[in-house]
Each structure stands twice: as structure tokens, then as C-alpha cells.
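Structural overview for review
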Amino acid sequence: MSKAAALPAGRGAARFRRPSALPGFRLTFGITLTYLTLIVLLPLAVLLLRAASVGPAGLWALVTDARNLAALKTSFGLSLAAAAIDAVFGLLIAWVLTRYRFPGRRIIDALVDLPFALPTAVAGIALASLYAPNGWLGEPLMALGIKVAYTPLGILVALVFVGLPFCVRTVQPLVAEIDKSSEEAAAILGASRFRALVTVILPPLIPAMLTGFALAFARAVGEYGSVIFVAGNLPFVSEIAPLLIVIKLEEFNYAGATAIAAVMLLMSFTALLAINLLQDFSRRRFGHV
Amino acid sequence: MSETTVPSIQGPASRGSRGRHAALTEPRPVRIALTLTAVGFLGLFLLLPLAVVFVEALSKGLGPYLASFTDPDALAAIRLTLLVAAIAVPLNVVFGLCASWAIAKFNFRGRNLLITLIDLPFSVSPVVAGLIYVLIFGAQGLFGPFMQRHGIEIIFAVPGIVLATVFVTFPFVARELIPLMQDQGTTDEEAALTLGASPWRVFCTVTLPNVRWALLYGVLLCNARAMGEFGAVSVVSGRIRGLTNTMPLHVEILYNEYNYVAAFGIASLLALLALVTLAGKSFLEWRHADALAGRGAH
Amino acid sequence: MTAGFAPTALSLRREASARPVESASAERLHHAGTAVRVDGIVKRYGGPGPAALEGVSLAIEPGELLALLGPSGSGKTTLLRVIAGLEIPDGGRVFFGSQDTTDIPVQRRGVGFVFQHYALFRHLTVFENIAYGLRSRPRAHRPKEDEIRRRVERLLELVQLPDLAKRYPGQLSGGQRQRVALARALAVEPSVLLLDEPFGALDAQVRKDLRRWLREIHRETGQTTIFVTHDQDEALELADRIAILNKGRIEQVGAPHEVQDHPASRFVMSFVGETARLAAEVAGGEVRVAGRPVIAAEAGWPQGPVDLCLRPWDLTVGQGPGTLPGTVREWRRTGRGTVAEILLDGAEAPVEVKVTDVYEPGDRVALAVGAARVFPRG
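Residues numbered from 1 in each chain as written. Chains lettered and ligands numbered in written order. Predicted model: local features only at pLDDT ≥ 70, side-chain atom pairs only at ≥ 80, totals over all residues.

**Observations concerning the overall build of chain A**
- The number of helices and strands found in chain A is 16 helices and 0 strands.
- Scaling as 2.2 N^0.38, a compact globule of 289 residues should have a C-alpha radius of gyration of about 19 Å, whereas chain A reaches 24 Å, well beyond that.
- Summarising its shape, the C-alpha atoms of chain A cover approximately 90 × 65 × 35 Å along the three principal directions.
- When contacts within chain A are restricted to residue pairs at least 6 apart in sequence, long-range pairs at least 24 apart make up 75% of them. (Helix = DSSP H or I, 4+ residues; strand = E, 2+ residues; numbered from the N terminus. Rg over C-alpha atoms; globule rule 2.2 N^0.38 Å. Contact = placed C-beta atoms within 7 Å.)

**So, the overall build of chain C**
- Along chain C, the regular secondary structure elements total 10 helices and 20 strands.
- The buried share among the 378 residues of chain C stands at 40%.
- Long-range contacts, defined here as pairs at least 24 residues apart, represent 68% of the contacts in chain C between residues at least 6 apart. (Buried ≥ 20, exposed ≤ 12 C-beta atoms within 10 Å, placed from the backbone.)

**A few points about the sheet that holds strand E11 (residues 276-283) of chain C**
Residues and elements named next belong to chain C.
- If you walk across this open sheet you meet the 5 strands as E13-E12-E11-E14-E20, and the pairing is antiparallel. Each of the sheet's edge strands pairs with one partner strand only, and the pair in question is strand E13 (292-296) and strand E20 (373-376). Averaged over neighbouring strand pairs, the angle between their axes works out to 40° when direction is ignored.
- Taken together, the 4 bridges between strand E12 (residues 286-289) and E13 define a ladder with antiparallel strand orientation. In the strand pairing of E13, Val289 is matched with Arg292. (Pairing = 2+ DSSP bridges. Axes fitted to C-alpha atoms, helices over the stretch in contact; angles between N-to-C directions.)

**Comments concerning the sheet that holds strand E7 (residues 192-196) of chain C**
All names here are of chain C.
- Strand order in the open sheet formed by 6 strands is E6-E7-E8-E3-E9-E10, and the pairing between neighbours is mixed. Since the sheet does not close on itself, it has two edges, and those belong to strand E6 (111-114) and strand E10 (249-254), each with one partner. Strand after strand, the sheet turns through a mean of 15° between neighbouring axes, direction not considered.
- Pairing of strand E3 (residues 65-69) with strand E9 (residues 241-246), which is carried by 4 bridges, proceeds in the parallel orientation. Counterpart to Leu69 in the pairing with E9 is Ile244.

**Let's talk about the pairing of E6 of chain C**
Residues and elements named next belong to chain C.
- Burial along E6 is two-sided: the face carrying Val111 and Phe113 and the face carrying Gly112 and Val114 are both buried.
- Pairing of E6 with E7 involves 4 bridges; the strand directions are parallel. Within the sheet, the bridge partner assigned to Phe113 lies in E7 and is Leu194.

**Topic: the confidence of the model for chain A**
- Chain-level pLDDT for chain A is 87 on average; 94% of the residues reach the 70-or-more range.
- Ranking the elements of chain A by mean pLDDT puts helix H1 (residues 2-6) of chain A last, at 38, and helix H8 (residues 120-131) of chain A first, at 96. (pLDDT = per-residue confidence, 0-100.)

**Some thoughts on the packing of helix H3 (residues 72-105) of chain B against helix H8 (residues 172-184) of chain B**
Residues and elements named next belong to chain B.
- Their axes nearest at 8 Å, the elements H3 and H8 cross at an angle of 30°. Accordingly, the angle class assigned to the pair H3 and H8 is roughly parallel. For the pair H3 and H8, the sense of crossing is right-handed. Residues Asn92, Val93, Phe95, Gly96, Leu97, Ala99, Ser100, Ile103, Ala104 and Lys105 of H3 pack against Phe172, Val173, Ala174, Leu177, Ile178, Met181 and Gln182 of H8. (Parallel < 35°, antiparallel > 145°, perpendicular 65-115°, else oblique. Left-handed = near helix turned anticlockwise from the far one by under 90°.)

**Section: unusual backbone geometry**
- At Tyr150 of chain A, a residue that is not glycine, the phi angle is positive and equals roughly 65°.
- By the secondary structure assignment, Tyr150 of chain A is in the loop between helix H9 (138-143) and helix H10 (152-177).
- With phi around 65°, Gln160 of chain C is a residue other than glycine that occupies positive phi space.
- On the secondary structure map, Gln160 of chain C appears in the loop between helix H5 (145-158) and helix H6 (174-187).

**Some remarks on the environment of Ile146 of chain A**
All names here are of chain A.
- Of note, Ile146 is situated in the loop between H9 and H10.
- Judged by C-beta crowding, with 13 C-beta atoms within 10 Å, Ile146 ranks as partly exposed.
- Residues Ile146 and Pro133, 13 residues apart in the sequence, show an inter-C-alpha distance of 9.7 Å.

**Overview of the packing of H8 of chain B against helix H10 (residues 199-228) of chain B**
Residues and elements named next belong to chain B.
- At a closest axis distance of 7 Å, the pairing of H8 and H10 adopts a crossing angle of 160°. As the angle between them shows, H8 and H10 are arranged roughly antiparallel. Between H8 and H10 the crossing geometry is right-handed. Counted together, Phe172, Val173, Glu176, Leu177, Leu180, Met181 and Gln184 of H8 and Asn210, Val211, Ala214, Leu215, Tyr217, Gly218, Val219, Leu221, Cys222 and Arg225 of H10 form the full contact between these two elements.
- Its residues assigned to classes, the contact of H8 with H10 comprises 12 nonpolar, 3 polar and 2 charged. (Nonpolar A, V, L, I, M, F, W, Y, C, P; charged D, E, K, R; others polar.)

**Observations regarding the interface of chain B and chain A**
- The partner chain A presents 84 residues to the 85 residues of chain B that form the contact.
- No other element matches the 17 residues that helix H1 (residues 28-57) of chain B contributes to the side of chain B that touches chain A.

**A few points about the nonpolar core**
- By size, the foremost hydrophobic cluster in this structure holds 172 residues, and its most contacted members are Val122, Ile125 and Leu127 of chain A together with Leu131 and Ala267 of chain B.
- Of the residues forming this core, the biggest block, 15 residues, is contributed by H3 of chain B.
- When near neighbours in sequence (up to four residues on either side) are disregarded, Ile125 of chain A contacts Phe229 of chain A together with Val251, Tyr255, Ala263, Phe264 and Ala267 of chain B.
- Judged by nonpolar contacts, the second largest core, of 107 residues, contains Val180, Val289, Ile295 and Val374 of chain C. (Core = buried A, V, L, I, M, F, W, Y, C linked by C-beta atoms within 7 Å.)

**Quick word on the confidence of the model for chain C**
- In this model, chain C carries a mean pLDDT of 86, and residues with pLDDT of at least 70 account for 90%.
- The low-confidence segment residues 1-31 of chain C, where pLDDT is below 50, has 43 contacts with residues more than four positions distant or belonging to other chains.

**Focus on H5 of chain C**
Residue and element names in this part refer to chain C.
- Compared with the 20 Å implied by 1.5 Å per residue over 14 residues, the 20 Å span of H5 between its first and last C-alpha is a close match.
- All of the buried residues along H5 are Val152, Leu155 and Leu156. One side of H5 holds all its buried residues, which, seen down the axis, span an arc of 100°. Opposite its buried face, H5 presents the exposed residues Asp146, Glu147, Arg150 and Glu157, each directed more than 90 degrees away.
- As for H5, its buried residues are in contact with helix H4 (126-135) and H6.
- Backbone geometry just after H5 places Gln160 at a positive phi near 65°. (Expected span 1.5 Å × (residues − 1). Arc of directions from axis to C-beta.)

**As for helix H5 (residues 126-137) of chain B**
All names here are of chain B.
- Relative to the 16 Å expected for 12 residues at 1.5 Å per residue, H5 spans 17 Å between its end C-alpha atoms, a close match to the ideal helical length.
- Buried residues dominate H5, accounting for 12 of its 12 residues.
- Among the residues making up H5, those that are buried are Pro126, Val127, Val128, Ala129, Gly130, Leu131, Ile132, Tyr133, Val134, Leu135, Ile136 and Phe137.

**Re the environment of Val53 of chain B**
- Turning to its location among the elements, Val53 of chain B is positioned in helix H1.
- In sequence terms Val53 of chain B and Ser268 of chain B are 215 residues apart; their C-alpha atoms lie 6.0 Å from each other.
- Sequence-distant contacts of Val53 of chain B, that is, excluding residues within four places in its chain, are made with Val122 and Ala126 of chain A together with Phe264, Ala267, Ser268 and Ala271 of chain B.

**Re the environment of Ala214 of chain B**
All names here are of chain B.
- Inspection of the secondary structure assignment puts Ala214 in helix H10.
- On a C-alpha basis, the gap between Ala214 and Asp290 in space is 9.9 Å, while along the polypeptide they are 76 residues apart.
- What Ala214 contacts, discounting residues up to four positions off in sequence, is Glu176, Leu177, Leu180, Ala291 and Leu292.

Dropping the structure here:
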């Protein structure tokens, strides 16, 4: 009856959106979707289409090309290692910063976010200068026979740098929220401190640690600026995948660049999916993210 | 903290020289060792790189340091960086406000998918972010021939730099606002509506004040990234001195020319920007923690 | 067995002759001069469950103070929000006076709404909160600055907070916030004032004071008011009329004494006031509990198995035929005399009955029934 004519929007959109008295949904949703599509979705789709147009055989040949493969291996292998180091030290740092009181704690806490705020090129030249054979750290390390700059080890250092805040910041709120009473319960039940740590306190933190690990890994795989200065960029040794994309582009080898980019994108999306599943699991299992 | 709570619960007297509450915290030597390890790790990996920037910049004294800013190419790079941030940040603020309004104040299908898609640029390598625009607007790109015919320059020009910067800073504002606005719900807006306020007035006088600190927080992070972005911009810029060089790109060029004082000089400006960002961020977290509720890690 | 049951019979007769709720309210819908009227409101929240509102019709007269009473999930808040325009109904119409306001957006309905948690604007002072509605008017209708000042000050006096104009909501107590929220809602001179659980977030003493004060304000302003509550005492004490909702339907609308003394359904009976319920049977002109006759049945009562519902204040310790046996659970002194908690044989929950003697737990007693109601078992 007249109702349907009076409220066509409420009726028609009912299945998509719960009707609301608040204004502005169409406008803001429209802007959001348009902007997202133009800036992010369409360009990424173009990349994937371009990769697909090379054909699976061609793509496979490009990906398994010895130099490309070496770069991908370097990127993924070192990213995994860096994320693992970050996860361990991230937990330690989060624990110390939340549980202990010591002078300068606040400033150190703020400093943890430095890799988020410091432009990657600045971090890159700073690390290169620190670990160069004549640098503050490079010189003593050289004396011990360890060469960091211009080797895979240099890449690892840079990746640990960029990934660290993810691992600290995902775990930190959970350490702060640890239920004191379960620690107390463990103590009353006669558990030693170490046993309490391992059996009661750590398990709920593991999903957050894994989330931090995945975030640090995703960031490390794509990292460019802070790595290239300290990496040496030797093909087959210390050449990372993002750098190879830049090199291919400079050679106008769009197909090669696209193939490597597509592989990296797929890996990032897998990591993103893993993060979402982890957080879902954590929410259901422990009631928090 | 752990040492002062529940004094009635005492660890076994034998454990630890201090005895008190040994069961609820670690023994003192362990605490000290853990603290030193954590602080040492942070000092080694974070503080030293920061310090080296300023030390290198000032290694030849104040004169050469200051001279690195007056070079016309450096000035052009600073100007371009400011220009790019001045375009990209407001765009992402408008987008962030629209997205958070639609997502947090309404209930529709696919809301979580939309949130995931908004976060997508965070998991895309900056280099890939640059590449996608080259594939569209570059000489061999999708619209390349069209652009050449009409004399439109995007890649190796300022528009490309802006696009790449917008892409990498895309989620910053939205992801600060969405959880907060979801937490706040819709009653304040409803109250204003029952009082007869127009939608625009509701937004300006109720919604915006409610999220102002979170918005500032997002803008701070968005701006830091916009000014400091290197990978994405480096792919689309073509590094034309004085024209398409942003500050981070200029740092790279100077460094590769072994002009360390100038490279670290410009880098020190960016490092200062980072420190200001961190200070502002920490201040907001400390002073307005409740107004930033729902803020997650990045 | 005759004289003693006269009042019972009387009340039962009224009960039996009471018209079904729907027809009573439907009749009222055709009266002229209602302030607010809803007609067949349907509201669904998606999902397969029952609708939040399943065809609710109700009319509120000008100057009336009406309570929407019901348990949580009964749809009372949804109905209030539909009247305000904060929810868009899936069916039915809303009228303010003779005007159909169903499609008029909330900004232009001219209602005053007090939210459960007040929704005061945290970044604005008390003064600016109250002035918000006046400042929101289109320029042509916006009062001048000194007029706004005068009106806000008058409202601050009405709500007895003249000195707090410069405070922020965060600096106020719960009761003060409630008053500011009310002043803010009244500032726009609404055609109807809507309050969602107005005292829900306050502690008991503040609640009592505010109740009395709201009643006074209502008397002073004559403002048509609808408020939502789950607290029967609040509804009985404050309202001119009470609409009782259950599962998205209105069970009964009436003055407090009507719903209390002549509940239209077993739900209303048990929701408005304490009730003891016994399985009984109506047969042969009497009501039997466990086969024994208790009271005389009246014409028009349902025959067969029924629920016999008793108010504790209609029960007295007595003897002889027609009494109900029970066991004392507990006996104690209170500020208003001594009471015994008695579990009637066959009842699910004990009732508190005023007594004069001293009892021990486990004592057997018999209770005489002063008045009772029956509802078909179901």
C-alpha cells in the first residue's frame, strides 16, 4: 500500500542495509567505495590482469628464472627470520615495558614506534653507515670477522628494524590485560614462577605473537627503502624481490616486474588472511584480539 | 604494579633473596637481566640508527650542515614533499571520515570485507604500489598511449607521486576512526537529530568533536608516512632533480653521490619529523587515551 | 462461604467482562484530539526470530503521562524510537495530532528525547547542551542570543540546576546529568516528550527523588510524556496510564489501578505485582485446587484446567474450608510488621504474607483467599 511508495529506500535497501534514521549513508558509502575502487582496487586488478595475460607458463618461467627465484628466496627467507627475531624480542620488550618500572621507560616506550615514523630511506642510510666496515658497529664486528653491511646479514638487520614495532604493539596490550588472578591462582596451586609463565601466562599471548609475526613478515617482504642501502644488492646473494622489480622497470621489462609483484601480492594476501583468521581464533578462544 | 598487589600472597620464603611475592614476579636478577636485554636491543636497533643520522649530519660542523638546506635542489625537494603531503593527507582525511561514518554508524552487509579492503594497502609492498600506477599510466601502460596523445603526464611527474603517496597512506586515518566511532555508537548523533540539527550540523558539532583526537592521531601518522615515503615514490618519480625529487629521494641521490653531510642533513630533517610525530603520538596516547579507545596496532 | 467471597466475586466479574485489549485501544484510535497515535506498527530486526513489534496500536492523549512497561526485549524501547523517528517501522503509521508523521525525518518531528545514558554532548557545557536545539533551528526561526540565554536559564531553574551552566557533563553526577538531559529535550518545546528508561542508570535514592520531581514537572508543564521502564513500581507510581508490552505486542493499556486490579492476561497479572500461581480446575461452579474447593466460580469463567493467581496482600492466615495449605519457609520482622515467606502446596515460588504470630520454618499454615483471578491454563 502507501507504505511501499513512501519508503522505497527503506524497503529496497532493506536486504543490504538495516534502515537507520541517521543521514548520509549513500553519500559517504558512495565516496568510500569510489575512492577505494579508483585508488586501490582497480590498480591492483590491473596488475593481476597483466600478470594473468602473460599466461601460466610464461608466469612460471618468469618466477622460476634463476635470478628472480633467488631474489624471492632471499626476500622470503630473511623476512621469516627477521619476523621470528622480532616476535621473540617483541614479547620480551612488551613484557619489560608493561611489567617493570625503570627510569626512562616512557621514552623508550615511545621510541618503539620509531620504525613506523622514520622514513625508510633515512633508516637505510643510517643502518648502512652504522654497519659499514668503518662504521660504529661495522668496525668492531669486522674485527670479529663478521661482515654485516652489503651482505644478507645487513638485510636481516634492516628487516628486524622495520618489523619490531608490529611485534611489540600487538602483544603489549595483552600483557597489560593479563588476568592477575590467574597468575595468583597458579601461585596458590604451588606452580613455580617459571611454570606459571609457561603454562598460564604465555599461552593466551601466542595468537597475538603470531599476529605480530605475520604483520612483521608482510612488512618485511615488501620493504625496500631501508634495505637497499645496506644490502649490497648483489644478484643471487643480497638482491631482494622489491629491488628486482625496480630493476626490471628500469629495463622496461614490465612482464618481469609484474610477475614478481604478483607473487609478492599473493604472499601478502595470504599473510593478511592468516592474520584475520588468527585474530578470529583469538577472539573466540581468549575473548580478545 | 606486580610488587604492590596482593601482599597476602607470598612466595615460598626460600625463593629469591627478597622473598616478597616471588610467585607473582620474576626474581630480581632475572628482572634486571630481562630489562637490560630489552633496553639493549632497542638501543642497538633503534636508538643507534637515530643517533648516527644526527652525528653524521653534523660531522663537518654546523656550517656545511646548514648549507645542505639552502641548495636549490634541496629546497625544491622540501617544497615538493610539502606539496605532496598537503594534497594526500586532506584527501585521506576526507576519505577516512566518509568511510568511518558509513562503516561505524550503519549496519550493512560486507562491512567487514570493506574494512579489510581499506587495510589492503598496508600489506602491499611500496614498490608494488608504485608499479601498479606505472602499469596504468606509464608509457607502456594501459592508458599510456592515450596520455601521450593528450600530453598528460602522470608517471615521472607530480600527479604520479601524489597517487603513489595517497595509496600508501590510504588506511591511516580511516583505521584510527572506524573502531572509535564503532565504540561510540550512534546515540549522540540521534540526540542531536531529535533536537532538530541538520545532518551537516550533527557531523560538525557532535561527531567531529567526539573523534577529534583520534583524527589528529591519524593525520599525524598519515603525514609522517606521506612525507617519508620512499619506495612507491621512487618507482613513479623518475628522480628528476628539482622537479620530481621528494626529500627521501633527494637523500638517496646525495648518498649515492657520497655527499654524506648533505644526505644526512636532509635525513636529519626527516628524522626530526619522525621525532615530532612520535612525541605528538605519545602525548595523545598519554593525555587522551580514552578519546582514542579502540585503537589497535598497525 | 458466601459473604466472605463477595469481593472476590466482584473482581472476578469485572475481570470476566473486560473487553479484549485490542478492541479497547482500537476504539480509542477513533477519538479526536489524541496527541500521538501509532497504528499497526511492525518492526523487524532481521533474522528468523519474532518481530520486535508485531502490529502495535496505541493512542496517547494530550497532557498524558504514559508508561511503556515490559521486560527487556518486549519492544518497548523500539516503540519509543519509532515514535521519535529514530527507527523506521516496517509497517504501520505514526500520527502526531492529526498529522501523519511516519515519513517525516526525526529532525522535523519536534520530539524531546531523553536517552537512557543521556547522550549529553561531552565537549559542550551544560548551557550549550541545553541551547543546542534552539541553535539548531533554521536562521529564520532561531531565537536571538539573549532570548536563548533567557530560555536556558529558565529551564535550568525548572530542573533545579541554576548554578551548573558552565560545567561540563563529565563534572556532573548521574542525577544532574539526567536533569540536564531533560532540560535539553524540553528546550525545543517538543510536542511530546519521550524518555527511555529515565531512571535506569541511577541508584535507588536518586531514583526516588527524581521520580517525584518528574511527576511535579509534568504537573507544571502539562507536557505529553511517554516513558519506557521495566520497573513496575516506577510505572505504577508515575504514570496516568500504563501500556504493558510483551514480545512485541501490547497486553493491556489502562490506569495503574486497572492494570493492577484487573489484569487482562496472566502475563500482566504476574508482571504487575507479586503473584502466587496454582494449578486449579473450574468445575461445578467452584474452583478446585488439588480436588478441594477453594472459592465459588462465577458465570463466564473458563471451565476446566486454569491457573489460579493470587496477590500476597489478598491472603491471610485463616482456617476452615476454602483455605489453601502451605509451609512456612522463613519468618522475619521488617519495618512494617512481621512477614512469613510461605510456599503454598503446588506453587512454584513462595509468597510473602503479612502475619501476626511467630512462626518457625517448616510450620504448616492455611491461608484464606480474599480475592483471586483465574486464567485459562496455557
